[in-house]
Amino acid sequence: MQIKHLLNVCFFAVFLFLMEPAMAQNKIITGKVTDKKDGSPLIGVSVVTAVGAQGGAITATDGSYKISVPANTPSLTFTYVGFLNATIPLNGRTSVDVQMEEANRALNEVVVIGYGTQKVKDATGSVASLSTKDFNKGVISTPDQLLQGRISGVQVTPSSGEPGAGATIAIRGAGSIRSGDGPLYVVDGVPLDNGGGTSSGYGVGAGSSSARNPLAFLNPADIENISVLKDASSAAIYGSRGANGVILITTRKGRKGQGIQFSSNTSVSSTAKRYDVLGRDAFLKAVAAVGANAGPVADGGIDYGANTDWQKQIFRSPISQNYNLSLGGASKDNTASYRASFGYDDQQGIVKNSGLKRLNGRINASKSFLNDRIKLDLQSTYSNVKNQYAPITNNAGFNGSLVGAAIQLNPTAPVFDSQGRYFNLNGYNDAGYPNGNSFRNPVSLLNQIDDRDNINRFLNNLTLTLKLFEGLSYKGNFGADISRGLRKTFYDPKIVGYTDAIGIRQINFPSPTGNGTAILTHNELTNYTTEHTLNYDKKWKDGSSLTALAGYSYQTFKNFNRNEFGFGTSTAGVLVKNYDDFKTHLPYPVGDSSSYKLQSYFARVNYSYKDRYIITGTIRRDGSSRFGANHKYGNFPALAVKWRITNESFMPKDGLFDDLSLRLNYGKTGNQEIPAYASLPVQQLQDFPGNAVAPLYQANPDLKWQTNTTYGAGLDFSIIKGRLTGSVDYFNKSIKDLLFFQDIAQPTFSSRIYKNLDGDVINKGVEVGLNLAAIQSKDFNWDVAYNMTFISNTLKNFKNYIVTGNIDGQGLSGAYSQLITNGVPLYTFNVPNYKGLDANGFSIYPQGVDVSSLQGSPNPKFTASLTNNFNYKNWSLSFFLNAATGFYIYNNTANAFFYKGNLVSGRNVTKEVAATNENPLNSGEVSTRFLEKGDFLRLSNATLGYTFPLKSKAIKTLRVSFTGQNLFLITGYSGLDPEINTDKQRNDVASKGIDYTSYPKARIFTLGLNAGF
């Protein structure tokens, strides 16, 4: 083919030479045509003066061309099979270089899959991939925020709006009835442990908090690509760890001409919404309306004389900063490349005394030897993350943690009393310590609790690749993930409202108020991965190809946790933030440490027959030390096929479809997310210093893998020369042998045991993804991306009855809101039916206040997102909306604090509650009164940017941008935000869709600068 092109060029050159005298009125145009994607020359491109014109030129083997045209020719048109036509104005020029864009570019893009990469057109499983241009913009704490809402079938629900907060990620629906339902993260080939050195904190009378996101150590600016393996056929290569899907994170590598890159962002945040509670005057009026004394305290009333906005006292509008610097490049022959990066984040939370500081350093380097027969790759990351925590917890009682205390506290109460002490409704004793435990002063909580952690994490991966002979290579991979975290929490002895004793392993210790408390929590994680793979790649002249992979993996995990407690400051009433300054300490640290091992054998074969029929078979055999002696190993096979219909002879070459492919898939994956010693008899130390032990759970040698079986079908298409591409997928995922921690009949060694329950969790649905190049012109482009998911979740063949979803608040001890039972979705709300207030202001429960019934699910039935990208010359504008419908949220905040009886005791309520005819004697039982639809539409992200046209040799690129996050929210939910998930698990059974005094979400505006040198 190249010889033919060369002959054509030679013939045309001779023709021009002979005809030169007759063309004296013409001018010669020269140039080079290359592929816009990688800069490679395009051979045989047709160059003409107008579309459909006779005569012209074609490009040579190096992409060059030469054409004679009339002097007044306005433009040249370049056409090439598989590429978009390009018409370029001459504007008097005699040299024109052109970059052509591939028409079916999306089909030839490479996606990351397990243990390798693959072109989109060859993918048989359901794999979604996002590059940097697709990521969410603005202040990004953790990698999961980059993809939130961007991929069909993937639901990312943050636990709160706190910087670095953890998130619940469900890929194609909920997959377990207990905790440990998240996907597997693989960073540059290293599978991570989801702990990561973070600590959830230890409750001392105001509940416990959730751990921060374990991925916070990764700098989002270092990430180049995120791929999500959604179905079992693509995730089965990871076997037992791919049960809930796999998220593959690839970091940026060095390339030619990369040079120095610098970026800086400055952000201003504020609360997107606050609780609409009563101000001073409205509060006093409402108190009087319920028959309570709204007069001065001296007269027995509740008016302390101040006018305090307690939410204003705890919230702020902080400024955050982010800086990234990288240096990268590659040798001329591409045998060596490198990229070093440094990043610093200072993210200040909208709640005072909260935030995240992160310092990152990363090196990616690659070197080939002996004509690329040997290659070494190194990825090394160091990260230091420092979190500061506000006292916001998941399960504080009626006194509330910080947010709960602020929204219910009497607005007539001052921040400080007449002596400059933090105001306490119950006053102070003769020793200067606060009395009582009825109300907590939010400013006292902020300033008299110091809660911080410091986490150092190292993630290193060294890979050796050997080309043994043509088509066969060996890859050896060694990864080390090491994390060391220390959380220090200090309670001032004069803190208001912490008079309850602290229970540690069934022993009570002094309360913080009047004593002071110090807690040190150590978390250490070590994860070593060793993998060996053989890869075979063979291509035939007819377009057929075969790739095969066989491998062995061995992972060891060690988690070491210990907690140290100190009580009583050395100097009465004076806090020194030093553990050794406390008079009394636990005799020895308390903690639950563990280790486990995972050994795996795996293989995958992918065969493509003439680029028409593609089949992929995968098998993985996993052995885990977590399971019983009779079921250590599990086998996880998968099979997927793809038929590229457009490559069949009966399909018209110039028809509607550029590509039309049908996919079918089936596969199994496993789940091992249980404690390391779940199959063994385990005991725990219970008291001091007696060394008594108590059994936690008994042995189960038959404990086996929870198994996910998935089958599905997909249709991929491309039309209008790649202007519209998309996919439609149907999936059906069934989970059986459900892992569960169950009570058992006595007498036995222990009252509980880990076992497999009968039953099937069924997730099935349809996913749609569309990408449209709506307008493509010289100066203006408009691209649209849309995805939506329809999904249902049902539990079948289940004979148990499990409750979860704890509800906290005064008089709600032991209350719950969710039920796991046969025939309904997981975490279905099961509460009494509330039908409003009667004429006397008391709640109406038609079936009775003690009769609960199934009411609705927290799992959305429909999710969708829409992205629009506009480019006009050097300007760009993008905005991203996401939505979810068909789900419910339980407003535990309202259940705990917002009913009229609180006014009688001098507690604040919302304006809506104050306006009702509710009787102040009416109680606030768990019911549908506080169950609300969570449907929402959110403008999550909008970015306006400008790229400066530069001619400077020193500065290659310069771009400024302005980004807004969480710009508006349309919802009927009365709480702060329906996209929330407070951890309200019960007996290690997960919950979902409960909102309880959580850290609010922020509205953020960011000014960004990116420069290349």
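Residues numbered from 1 in each chain as written. Predicted model: local features only at pLDDT ≥ 70, side-chain atom pairs only at ≥ 80, totals over all residues. Heavy atoms only, no water.

**Remarks on the overall build of the chain**
When helices and strands are counted, the chain shows eleven helices and 52 strands. Since a compact globule built from 1013 residues should have a radius of gyration of about 31 Å, the 32 Å found for the chain is in line with a globular shape. Considered along the principal axes of its C-alpha atoms, the chain spans approximately 115 × 65 × 60 Å. For the chain, with 1013 residues in total, the buried portion stands at 54%. Counting contacts in the chain only where the partners sit at least 6 residues apart, residues at least 24 apart contribute 70% of the total. Positive and negative charge centroids in the chain, built from 98 and 76 side chains respectively, lie 6 Å apart. (Helix = DSSP H or I, 4+ residues; strand = E, 2+ residues; numbered from the N terminus. Rg over C-alpha atoms; globule rule 2.2 N^0.38 Å. Buried < 20%, exposed > 50% of the residue type's maximum accessible area, 1.4 Å probe, protein only. Contact = heavy atoms within 4.5 Å. Lys, Arg positive; Asp, Glu negative; His and termini not counted. Charge placed at Lys NZ, Arg CZ, Asp CG, Glu CD.)

**A word on unusual backbone geometry**
The phi dihedral of Arg 172 falls on the positive side, at around 60°, and the residue is not glycine. Residue Asn 797 is not a glycine yet carries a positive backbone phi of 55°. With respect to the helices and strands, the residue Asn 797 is situated in the loop between β40 (780–796) and β41 (802–806).

**Regarding the nonpolar core**
Inside soluble globular proteins, nonpolar side chains tend to come together where they are buried. Counting 69 residues, the largest nonpolar core has Val 351, Leu 402, Ile 504, Tyr 890, Phe 898 and Leu 903 as its most contacted members. Ranked by residue count, the leading element in this core is helix α7 (residues 402–408), at five residues. Ignoring sequence-local partners within four residues, the contact set of Phe 898 consists of Tyr 275, Val 277, Ile 407, Thr 893, Val 909, Thr 910, Val 913, Arg 929 and Phe 930. Of all hydrophobic cores here, the second largest spans 24 residues; its members include Ile 171, Tyr 185, Ile 226 and Leu 459. (Core = buried A, V, L, I, M, F, W, Y, C linked by side-chain atoms within 4.5 Å.)

**Considering the sheet that holds strand β16 (residues 246–251)**
The five strands lie next to each other as β10-β15-β16-β13-β14, forming an open sheet whose pairing is mixed. Of all strands in the sheet, those bounded by a partner on one side alone are β10 (127–131) and β14 (190–191). Bridge analysis of strand β13 (residues 184–187) against β16 gives four bridges, and the strand direction is parallel. Considered in β16, the bridge of Val 187 is made with Ile 249. (Pairing = 2+ DSSP bridges.)

**A short note on the pairing of strand β32 (residues 657–671)**
Here seven bridges tie strand β31 (residues 633–644) to β32, and the two strands are oriented antiparallel to one another. Paired with Ala 640 across the bridge in β32 is Asn 665. Note that β32 and strand β35 (residues 706–719) share 14 bridges and pair antiparallel. Residue Leu 660 lies in a different strand from β35, and its bridge partner there is Phe 717.

**Here's the deal with the packing of aromatic side chains**
Following the criterion strictly, the structure yields 32 aromatic pairs and no others. Ring centres of Phe 741 and Tyr 754 lie 4.2 Å apart, and the angle between their planes is 10°; on these two criteria the pair is classed as stacked. Remark: Tyr 754 occurs in strand β38 (residues 752–757) and Phe 741 occurs in strand β37 (residues 738–743); sequence separation between them is 13 residues. On the basis of relative accessibility, which here comes to 4%, the residue Tyr 754 falls in the buried class. Ring centres of Tyr 946 and Phe 948 lie 4.9 Å apart, and the angle between their planes is 90°; this geometry places the pair in the edge-to-face category. Assessed through its relative accessible area of 34%, Phe 948 is described here as partly exposed. (Phe/Tyr/Trp six-rings, centres within 6.5 Å; stacked < 30°, edge-to-face > 60°.)

**Description of the environment of Gly 166**
Checked against the element boundaries, Gly 166 lands in the loop between β11 (154–158) and β12 (167–171). According to the relative accessible area criterion, Gly 166 is buried, its value standing at 13%. Put simply, Gly 166 and Thr 266 are 100 residues apart on the chain and 23 Å apart in space, counted from C-alpha to C-alpha. Setting aside chain neighbours within four positions, we find Gly 166 in contact with Pro 158, Ser 159, Ala 211, Arg 212 and Asn 213.

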